[in-house]
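Descriptive analysis of the structure
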Amino acid sequence: MTERIEVEEIVDYAMPLMRIDKLAKQIHDDCLDGNLARAEEMAVHLIAEGRILRNSLVIMQSRNAR
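Computed from a predicted model, the values in this text were never measured in an experiment. All residue numbers refer to positions counted from 1 along the written sequence of the respective chain. It should be noted that, the model being predicted, local features are given only for residues of pLDDT at least 70 and side-chain atom pairs only at 80 or more, the latter also being counted only at that level, while totals for whole chains, interfaces and linings use all residues. Just so you know, side-chain values use all the structure's heavy atoms and leave hydrogens and water out.

**Looking at the side chain of Glu49**
Applicable threshold: Runs of H or I in DSSP of at least four residues are treated as helices and runs of E of at least two as strands, each being numbered from the N terminus. Contact criterion: two residues are considered in contact whenever any of their non-hydrogen atoms come within 4.5 Å of each other.
Within the element layout of this structure, Glu49 appears in helix H2 (residues 36–64). Apart from residues no more than four positions distant in its own chain, Glu49 is found in contact with Pro16, Arg19, Ile20 and Leu23.

**A short note on the side chain of Ser56**
Rule in force here: For every residue, the accessible area (1.4 Å probe, protein chains only) is compared with the maximum for its type, and the residue is labelled buried under 20%, exposed over 50%, or partly exposed between those bounds.
By secondary structure assignment, the location of Ser56 is in helix H2. Given a relative accessible area of 8%, Ser56 falls into the buried group. Ser56 has contacts with Val11, Asp12 and Tyr13, leaving out every residue within four places of it along the chain.

**Comments concerning helix H1 (residues 14–32)**
Just so we agree on the cut-off: Helices are assigned an expected span. That span is 1.5 Å times one less than the residue count. The arc under discussion is defined with respect to the helix axis, by the directions toward the C-beta atoms.
For H1, spanning 19 residues, the distance from its first C-alpha to its last is 27 Å, which sits close to the expected 27 Å at 1.5 Å a residue. Burial in H1 covers these residues: Pro16, Ile20, Leu23, Ile27 and Asp30. Each buried residue of H1 sits inside an arc of 90° when the element is viewed along its axis, so together they form one side. Among the exposed residues of H1, those oriented more than 90 degrees off its buried face are Met18, Lys22 and Leu32. Those residues of H1 that are buried lie in contact with H2. Looking at the residues trailing H1, positive phi occurs at Gly34, about 80°.

**Side note on a nonpolar patch on the surface**
The condition is simple: Grouping into patches uses exposed residues only, defined as over 30% relative accessible area, and leaves out salt-bridged ones; the cut-off is 9 Å for like charges and 5 Å for nonpolar side chains (Val, Leu, Ile, Met, Phe, Trp, Tyr). The accessible surface values rely on the Shrake-Rupley method and a 1.4 Å probe; as for residues, cover is taken only from the protein chains in view. Note on definitions: salt bridges are taken to be side-chain nitrogens of Lys or Arg within 4 Å of carboxyl oxygens of Asp or Glu.
On the surface, Tyr13, Leu17 and Leu57 cluster together into a nonpolar patch covering about 260 Å² of accessible area. Along the chain, the position of Leu17 falls in helix H1. The partly exposed category is assigned to Leu17, whose relative accessible area is 41%.

**Notes on the pattern of salt bridges**
Tallied over the full model, the rule gives 3 salt bridges. The salt bridge partner of Arg19 is Glu49, with a shortest N-O separation of 3.0 Å. Of the two residues, Arg19 sits in helix H1 while Glu49 sits in helix H2, which places them 30 residues apart along the sequence. Assessed through its relative accessible area of 35%, Arg19 is described here as partly exposed. Residue classification places Glu49 among the buried residues on the basis of a relative accessible area of 13%. One salt bridge in this structure joins Arg38 and Asp30, with 3.2 Å as the shortest N-O distance. Residue classification places Asp30 among the buried positions, given a relative accessible area of 5%.

Shown next, in the form of structure tokens:
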């Protein structure tokens, strides 16, 4: 008979947070350089990473509520 081991999934909030930081810096640099079209494009990516981060935090909160 095999023993069943329960493994908890790790929710990663750090990677999207680091990507947000990098994107924010890139957007800032693009704005300073007058490359507003690229800044706008990168802002879309920043928003997506923000949504990923929020979902990770919601999952983490629900696990802490147990």
